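Read off the chains here:
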Amino acid sequence: MEVEATNFIEDIINKDLAEGRCDHVQTRHPPEPSGYLHIGHVRNIVLNYGLAQKYGGVCNLRYDDTNPQKESQEFVDSIQDDVHWLGYNWHEIHYATEYFQMNYEVALKLIKEGKAYVCDLSPEELSKTRGTLTEPGTNSPYRDRSVEENLDLFGRMKNGEFPMGSRCLRAKIDMASPNMNMRDPVIYRIQYLNHQRIGRSWNIYPTYDFSHPLDDCYEGVTHSICGPEFEDHRPLYNWVVENSGLKNHSRQVEYANLYIKGAILGKRFIKKLVQDGKVTGFDDPRLYSLRGLRRRGVLPESLKNFVVAAGISKSNSLIDPEFLNHFIRDDLNRVSKRVMAVLNPIKLVITNWEDGKEEEVELEDYPQNETTTKRKYYFGKESLIEREDFISIPDPKFHRLYVGAEVRLKGAYIVKCTDFDVDDNGNVTTVYAEYEEGTKSGSNCTKKVKGTIHWVNPNHARKIEARLFENLVDEESQEEVEGQEHATDNFKINPNSKIILNNAYIEDDVDFNFEDRYQFMRNGYFCLDKDTTQDHLVFNRTITLKDTKKK
RNA sequence: UGGGGUGUAGCCAAGUGGUAAGGCACGAGACUUUGACUCUCGCAUGCGUAGGUUCAAAUCCUGCCACCCCAGCCA
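Rules used in this analysis
In this numbering scheme, every chain counts its residues from 1 along its sequence in written order. Labels are handed out in written order, letters beginning with A for the chains and numbers beginning with 1 for the ligands. For this predicted model, a pLDDT threshold of at least 70 governs which residues receive local features, and a threshold of 80 or more governs which side-chain atom pairs are given and counted, while totals over whole chains, interfaces and linings are taken from all residues. Side-chain measures were taken over the full set of non-hydrogen atoms in the model, leaving aside hydrogen atoms and water. Each helix is a run of DSSP H or I of at least 4 residues and each strand a run of E of at least 2, with the numbering of both proceeding from the N terminus. For the radius of gyration, the atom set is restricted to C-alpha positions; the globular benchmark scales as 2.2 Å times the number of residues to the power 0.38. For every residue, the accessible area obtained with a 1.4 Å probe (protein chains only) is divided by the maximum for its type, and the residue is called buried under 20%, exposed over 50%, and partly exposed between those limits. Here, Shrake-Rupley sampling with a 1.4 Å probe gives the accessible areas, and only protein chains in the shown set may cover a residue. Charge assignment: positive for Lys and Arg, negative for Asp and Glu; neither His nor the chain ends contribute. Where a charge lies is defined by one atom per residue type, namely NZ (Lys), CZ (Arg), CG (Asp) and CD (Glu). We call a residue near a molecule or strand when any one of its heavy atoms sits within 4 Å of it. Polar contacts, as used here, are pairs of N or O atoms within 3.5 Å; protein pairs need one atom able to donate a hydrogen and one able to accept it. Residues neighboring in sequence count only if both atoms are side-chain atoms. Residues were grouped as follows: Ala, Val, Leu, Ile, Met, Phe, Trp, Tyr, Cys and Pro as nonpolar; Asp, Glu, Lys and Arg as charged; and all remaining residues, including Gly, as polar. Throughout this description, the term salt bridge denotes a Lys or Arg side-chain nitrogen within 4 Å of a carboxyl oxygen of Asp or Glu. In short, DSSP must find at least two bridges between two strands for them to pair.

Colleague: Provide a residue-level description of the overall build of chain A, including the pertinent values.
Modeller: Looking only at helices and strands, chain A features 13 helices and 27 strands. By the compact-globule yardstick of 24 Å for 551 residues, chain A is too spread out, its C-alpha radius of gyration being 31 Å. Expressed along its principal axes, the backbone C-alpha trace of chain A runs to roughly 105 × 50 × 45 Å. Counting only residues that meet the buried cut, chain A has 53% of its 551 residues in that class. Carbon and sulfur atoms provide 45% of the accessible area of chain A, an area that totals close to 25200 Å². Each charge class in chain A can be summarised by its mean position, and for the 72 positive and 89 negative side chains these summaries are 2 Å apart.

Colleague: Let's hear about the protein's contact with RNA strand B: which residues, and what values?
Modeller: If you check the shell around RNA strand B, you find 65 residues, and the closest are Thr-66, Ser-313, Arg-338, Gln-519 and Arg-522. Backbone atoms, meaning sugar plus phosphate, form 64% of the atoms of RNA strand B positioned within 4 Å of the protein. Within the backbone of Pro-178, a nitrogen or oxygen atom sits 3.3 Å from a base nitrogen of RNA strand B. Those elements that provide at least two residues to the surface near RNA strand B are α5 (123–129), β6 (186–190), β11 (317–319) and α12 (321–335). The element that contributes the greatest number of residues to the surface near RNA strand B is α12, accounting for 4 residues. When its residues are assigned to classes, the surface near RNA strand B shows 19 nonpolar, 25 polar and 21 charged.

Colleague: Please provide a residue-by-residue account of the pattern of salt bridges, values included.
Modeller: If you walk through the whole model with that rule in mind, you get 43 salt bridges. Here Arg-291 and Asp-81 are joined by a salt bridge, their closest N and O atoms 3.1 Å apart. On the criterion of sequence distance, the pair formed by Arg-291 in helix α10 (residues 290–295) and Asp-81 in helix α3 (residues 73–86) is long-range, its members being 210 residues apart. Here Arg-291 falls in the partly exposed class, since its relative accessible area comes to 22%.

Colleague: Can you tell me about the sheet that holds strand β14 (residues 345–350), naming the residues and giving the values?
Modeller: The mixed open sheet is built from 7 strands, whose spatial order is β21-β18-β19-β20-β14-β17-β22. At either end of the open sheet lies a strand with only one pairing partner, and these are β21 (452–453) and β22 (455–456). Two elements, strand β19 (residues 414–422) and strand β20 (residues 428–435), share 7 bridges in a ladder whose sense is antiparallel. Bridging from a neighbouring strand, Asp-419 pairs with Tyr-432 of β20.

So, in structure tokens, the structure goes:
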């Protein structure tokens, strides 16, 4: 399925093109390598790579790696891998750290023009003079240093002559601005840290607010698409661009974030879950990280279709997980190989079937494809059926088995339930039924029944492990985080949140493949999990089929 | 009680002065070798709210309300 949609960002681009503000489109995907990508990032990725593609321009991957405290090589590697998995290719790959020398020169220019100064206030003191949301800040006592002194001090900062935090470089803008970001923002700070890419080669690091607009200009970015939290940084972004002396002027465009109800997004929260051992890792299938989704068998196309269909606006959206599931199912339904399996078996005996007799039935592997391959199944006197496909108290609303009810056994005959056995605890152990001659699937049978159930012949089946996932967050905490970033420090993990292992029976003679997706009738979509071996198959349930009604 | 942003159905979302698209979810029905898929129909006298302008307002004006972001030498 191809999903197409236009959005307000395209309107802006079209207008810029039409009015000659730019003659091409270039974007950038600027992740900070401080965590794994999750579904919340997909919108940004689709926007940046997609828009460049659409307008015949390019999109660079540029790591915003200006803060070594939070970053690591593990994340830079995983991001590239995840972007590729999503099916995108960057034009060039860059690092904010590549531009440090150029950034430095712009800073020098600013100092020479009296637009930036070295401030000796400690972070605490600086914070005090910044004012509050309702009161203006006060000028730093170092604000009016001479150009010479600033140049000297900044040079010595670069040389590593001062301790971390003792001085910083600030843009001289307006301490009384109602926009906190314009109150002489810090644009360079001293950091003696080992950077994953450049080691200890720089003692001063530009801040995001300074390096980002500059880097956009160096690369020729025309539209710098970012999250809503940067909206009030735009005046600063423009200030830097305008005062940089650089020719190319990029334009910052903000769009709103996408959240999924009940999903824990946000790098620090996912990290916490991993650290606390609540999940098995960044690729835990219960997570909405790209790795988790991937391990769960979700196709990248589905994710892209989802974000495109969800649309892009400026109001933050908290999307119903069913909306995502719809797109996942839509693709899975087409590509999944159908296999018969029973997750929680009870025995079904066909009383009027000849002992030892087996009959071949044939079923399509991909019923959605006209050119599907087919496979043989063997129907016999005894089958294993899903426990939930039988109820002991008759209910005409129930379309499956109860005494007196008729149902089709997928690919085989229509059978009528006659009786069942119960053990000492009241659990159903065996169900009895009679088959009706002439009702075999594919024959000229005209008889219709409401339900069709799946089955497995125990003589042609083997035991496997299937993992079913419970939600990570319970209903209560979903309510609490609604409208928020879904995860505050208070979020509660559902105490029942776990991976349930089920011993299922699956038809033998199926060649399972790691790349394939499977559908087990009525139990949803599955894929092989990573710890699968030759003789030990482990399935992850990707997602259930649309909820089956049980009234 | 500063600044910025956003409010259209249960959830997303189009709409830019001419009488509320579309999708998800939901309900009814048809089809069916998956209660899936597919198909058909239904689903806002209403656009945060109160006024105002206009022949005409979700769209323009004014006031109010709610939510989100900003006081890192994070991004």
